[in-house]
Amino acid sequence: MVDVTELDWAAIRARVDPPAIRARMRATVEGVEALLDRAGGPGMLFDPDRANPSDRAIQVKAGAEAGPTWIIGDLHGDLLALEAALALISDVAAIEGGEQSRIVFLGDLFDDEGYGLELLLRVFELIVAAPERVCLLAGNHDEALSFDGVRFAAGVSPSDFSDLLNAQLAHEWIQRAGKLAVRLFATAPRALFFPDGLLVAHGGFPLADLHARLTETGDWNDPACLADFVWTRAHPTARKKLPNRYSRGSQFGREDFAAFCALSTSLGRRVDRLVRGHDHVENRYAVYAIDPAHPILTTVALSRRLPRESFGPYARVPTLARIVPDALPQVYRLHIPPPIIEEVYPEPVAVPDAATPEPTP
């Protein structure tokens, strides 16, 4: 683990500029539209490794040896954490020289307040600038966003991003940005299988009740398998958990992951470790190494306590990870000064319950 304290925090803060990002919106949206309309597809990172254009569980042909590869977990509109992560990646690249960095986003770009639209546009800008260096996996909030030709909807809660889009239906470029998000995430990868045994997904992996069917068909793009890559959650201590198909957020334990590793390896896709997001752990990263042969890393890039998080400090230390060969990715902790976090995301002031009498002075 690397603790990062010496970034140019003032410059990072200056780059958190929502009005400037919105001012570039038209050019950004047109750029992504052109990429998606291009013959042969947008040519994003790992697209050449797809077995076919609709393959969303990609068997990656070359791992870390192909270039420095960074993983950025859930952002949920955290423009500050994104700019800090990009600054670190740029600084490391300048020190090391050599090949340009590649970035894998684990999804969940919006919802939970923050700057969901601006963050989406900022990621779009990165894609337009160098699609071959950016991979965008779908998270559950991204996958849940839809558009029926009239209004946006979301099959998840919170869903404030779809509310924002519906409130701005008359704004051509905001509506087009929302429709682009739906279009992009519809075909975005749900899982990446690296050749050295690393699995990368937003949530997890196909659970035990799908293993027989997967063994029979070998179909990694079975909708149920794709859903498990996105929606499943890691239990930090459980040995095994029964799949619960009444909830898309079914949990898994350490023996469940070991069983999947054995299955996947038998089907020609070696897996022995996992990096994921999805669970907003307080420290913004967690390593589940109860089974040393099959470790799991959770990493999320959130600099603030979300409204649905009940406990812990308001200012957090977001993380990202760098892929290293034959090991769990290396975690970097971004120690953004708390006053900057609180300036960008003012902590909500608790409103006293009207039924509770004020204390007597």
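Below or above, wherever it landed, is the structure these notes cover. (Residues numbered from 1 in each chain as written. Predicted model: local features only at pLDDT ≥ 70, side-chain atom pairs only at ≥ 80, totals over all residues. Heavy atoms only, no water.)

## Things to note about the overall build of the protein chain
The line we're drawing: Here a helix means four or more residues in a row that DSSP labels H or I, a strand means two or more in a row labelled E, and each is numbered from the N terminus. For every residue, the accessible area (1.4 Å probe, protein chains only) is compared with the maximum for its type, and the residue is labelled buried under 20%, exposed over 50%, or partly exposed between those bounds. By the convention used here, residues are in contact when the closest approach between their heavy atoms is within 4.5 Å. Residue-level accessible areas treat just the shown protein chains as cover; the underlying method is Shrake-Rupley with a 1.4 Å probe. In this count, Lys and Arg are taken as positive residues and Asp and Glu as negative ones, while His and the chain termini are left out. Charged groups are reduced to one reference atom each: NZ for lysine, CZ for arginine, CG for aspartic acid, CD for glutamic acid.
The secondary structure content of the protein chain amounts to 12 helices and 16 strands. Taken along its principal axes, the extent of the C-alpha atoms in the protein chain is 65 × 55 × 50 Å. In the protein chain, which comprises 361 residues, the share counted as buried stands at 54%. Looking at the protein chain alone, contacts between residues at least 24 apart form 71% of all its contacts between residues at least 6 apart. Of the accessible surface of the protein chain, which amounts to about 15500 Å², a share of 54% is contributed by carbon and sulfur atoms. In the protein chain, 36 positive and 49 negative side-chain charges are present, and the distance between their average locations comes to 3 Å.

## Let's talk about the pattern of salt bridges
Our working rule: Each reported salt bridge corresponds to a side-chain nitrogen of Lys or Arg within 4 Å of a carboxyl oxygen of Asp or Glu.
Taken as a whole and judged by the stated rule, the model has 29 salt bridges. Close ionic contact of E132 with R133 constitutes a salt bridge, the shortest N to O distance being 3.8 Å. Judged by relative accessible area, which is 44%, E132 ranks as partly exposed. Because the salt bridges share partners, they merge into one network encompassing R15, R24, E83, R122 and E125.

## A look at the packing of aromatic side chains
Under the convention used in this document: Working definition: a ring pair exists when centres of Phe, Tyr or Trp rings (six-membered ring for Trp) sit within 6.5 Å. Plane angles under 30 degrees give stacked, over 60 give edge-to-face, the rest tilted. Whether a charge lies above a ring is judged from NZ of Lys or CZ of Arg, which has to be within 6 Å of the ring centre and within 35 degrees of the ring normal.
A complete count under the given rule lists 12 aromatic pairs for this structure. Relative to F161, the ring of F110 lies with its centre 4.2 Å away and its plane at 20°, an arrangement referred to as stacked. Highlighted residues: F110 in the loop between β4 (102–105) and α5 (116–129) and F161 in helix α7 (residues 160–167), separated in sequence by 51 residues. According to the relative accessible area criterion, F161 is buried, its value standing at 2%. Relative to F252, the ring of F205 has its centre 4.5 Å away and its plane inclined at 50°; by these criteria the two rings are tilted. Of this pair, F205 sits in the loop between β9 (198–201) and α9 (211–217) while F252 sits in strand β11 (residues 251–252), and the two are 47 residues apart along the sequence. Using a relative accessible area of 1% as the deciding quantity, one classes F252 as buried. Stacked on the ring of F193, the Lys or Arg R269 has its end atom at 4.8 Å from the ring centre. Between the NZ or CZ atom of R304 and the centre of the ring of Y345, over which it lies, the distance is 4.8 Å.

## What to know about the packing of α5 against helix α8 (residues 172–187)
Packed helices, taken two at a time, are described by the angle between their axes plus the distance between the axes. Selection criterion: For helices, the fitted axis covers only the stretch in contact; all axes are lines through C-alpha atoms, and the angles between them, taken along N-to-C directions, range from 0 to 180 degrees. Crossing handedness: left-handed means the near helix sits turned counterclockwise from the far one by under a right angle, and right-handed means the same turn made clockwise. Under the scheme applied, nonpolar residues are Ala, Val, Leu, Ile, Met, Phe, Trp, Tyr, Cys and Pro; charged residues are Asp, Glu, Lys and Arg; polar residues are all the others, including Gly.
The N-to-C vectors of α5 and α8 enclose an angle of 65°; their axes lie 11 Å apart at closest approach. When you trace α5 past α8, the crossing you get is left-handed. When α5 is examined against α8, the residues L117, L120, L121, F124 and I127 are found in contact with a partner set consisting of I174, A177, L180, A181 and L184. The residue inventory of the contact of α5 with α8, partitioned by class, reads 10 nonpolar, no polar and no charged.

## With respect to helix α11 (residues 254–266)
To keep things clear, this is the line we draw: Under the convention used throughout, the expected extent of a helix is 1.5 Å for every residue step, that is, one less than its residue count.
The end-to-end C-alpha distance of α11 is 19 Å, a good match for the 18 Å that 13 residues give at a rise of 1.5 Å each. Here α11 has its buried residues at D256, F257, F260, C261, L263 and S264. Those residues of α11 hidden inside the fold are in contact with β8 (191–193), β9, α9, β11, β12 (273–276) and β14 (296–299). In the stretch just after α11, G268 is the one whose phi turns positive, near 95°.

## Side note on the packing of helix α4 (residues 79–96) against α5
Definition in use: Throughout this description, any angle smaller than 35 degrees is read as roughly parallel, any larger than 145 degrees as roughly antiparallel, any in the 65 to 115 degree range as roughly perpendicular, and the remainder as oblique.
Put simply, α4 and α5 touch, their axes get as near as 9 Å, and they point 25° apart. If you check the angle between α4 and α5, you find them roughly parallel. In this structure, the crossing between α4 and α5 has a hand that is left-handed. The residues of α5 that touch α4, namely those facing L79, L82, E83 and L86, are E118, L119, R122, V123 and L126. A breakdown of the residues in the contact of α4 with α5 according to their chemical character gives 6 nonpolar, no polar and 3 charged.

## Things to note about the sheet that holds strand β13 (residues 285–288)
Using the following cut-off: The pairing criterion is simple: DSSP has to find at least two bridges between the two strands.
Read from one edge of the open sheet, 6 strands run β2-β8-β9-β12-β14-β13, paired in mixed fashion. The open sheet has two edge strands, β2 (57–59) and β13, and neither has a second partner. Geometrically, the sheet is characterised by an average inter-axis angle of 15° between neighbouring strands, direction not taken into account. Bridge count between β9 and β12: 3 bridges; the pairing is parallel. Its bridge partner being in β12, V200 is matched across the sheet by V275.

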